[in-house]
Amino acid sequence: KNTNLSWTNKHIPDDLSGINFSKADLSETEFKGNYVADADFSGANLDNSVLIEVGLQNCNFQNSSLCRADLSDSFCGQSNFKRADLSFANFSDAEIWNADFDNARLYGAIFDRAEGEYLSAISADFSKARFINTDLHNANLSGSNLNYTVFVETNLEGAIMEGAKVYGSSVWAVNNEGANQKGLI
C-alpha cells in the first residue's frame, strides 16, 4: 500500500499511455502529474489514490473503484467510468467532458469548477454530490439520483435530466435554459 510512483520517474517514463492496469490493486497510489492516456484501469482498485494533474483521457475505468480518489485538475475527457464506484471522489477543476459515468456511483463526490459538458451519466448515483461553478451544459443526467445534491452557479444549459431524482437538492443561481427536466422526481 501507499505506492508512490512519482519517485520511479527515473525508471518509468512520465508517459504511461496505453498501459494495462486492469484488475490491479493500486489503492493509495500517487500518479501526480503523469500522462496515462488510453490506459485500461477496468476493475482496478484505486481507492484513496492521488491522480492530481494527470492526463487520463480515453481511459477505461469501467467497474473500477476510485473511492476517495483525488482527480482534481486532471484531464479525464472521453474516459469510461461506467459502473465505477467514485464515492467521495474529488473532481475539482477537472476536465471531464464527454466522459461516460453511466450507472456509476458518485455518492458525495465533489465537482467544483469541473468542466463536464456533453458527459453522459445516465442512471448514475450523484446523491449528496456537490457541483459549485461547474459546467454541465448538454450533459445527459437522465434517470440519475441527484437527491440531496448541491448545485451552485452550475451551467445545466441544454442538459437532459428527464426522470432524475432531485428530492432535497439545493439549487442556487443555476443556468438551466433549454434543459430537459421532464418527469423530475
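Placed above this text is the structure.
Residues numbered from 1 in each chain as written. Predicted model: local features only at pLDDT ≥ 70, side-chain atom pairs only at ≥ 80, totals over all residues. Heavy atoms only, no water.

(A) Molecular detail of the pattern of salt bridges. Inspection of every chain in the model, using the stated rule, returns 4 salt bridges. In this structure, D100 and K82 form a salt bridge, with 3.6 Å as the shortest nitrogen-oxygen distance. Here K82 lies in the segment before β1 (130-132) and D100 lies in the segment before β1, a separation of 18 residues in the sequence. Residue D100 is classed as buried on the basis of its relative accessible area, which comes to 16%. By relative accessible area, which is 28% here, K82 ends up partly exposed. Note that R113 is salt-bridged to D93, the shortest N-O span being 2.9 Å. (Salt bridge = Lys/Arg side-chain N within 4 Å of Asp/Glu carboxyl O. Helix = DSSP H or I, 4+ residues; strand = E, 2+ residues; numbered from the N terminus. Buried < 20%, exposed > 50% of the residue type's maximum accessible area, 1.4 Å probe, protein only.)

(B) Representation of unusual backbone geometry within the structure. The phi torsion at K128 lies on the positive side, around 65°, for a residue other than glycine. Mapped onto the secondary structure, K128 falls in the segment before β1. A relative accessible area of 46% means that K128 is categorised as partly exposed. Even without being glycine, N133 reaches a positive phi, approximately 55°. Topologically, N133 is positioned in the loop between β1 and β2 (150-152). By relative accessible area, N133 is classed as partly exposed at 42%.

(C) The sheet that holds strand β3 (residues 170-172), seen in detail. Spatially, the 3 strands line up as an open sheet ordered β1-β2-β3, and their pairing is parallel. Across the chains shown, the open sheet's two edge strands, defined by having one partner strand only, are β1 and β3. The sheet shows a mean angle of 5° between the axes of neighbouring strands, direction not considered. In this sheet, β3 lies alongside β2 in parallel orientation, the contact comprising 3 bridges. Bridge pairing links F151 to V171 in β3. (Pairing = 2+ DSSP bridges. Axes fitted to C-alpha atoms, helices over the stretch in contact; angles between N-to-C directions.)

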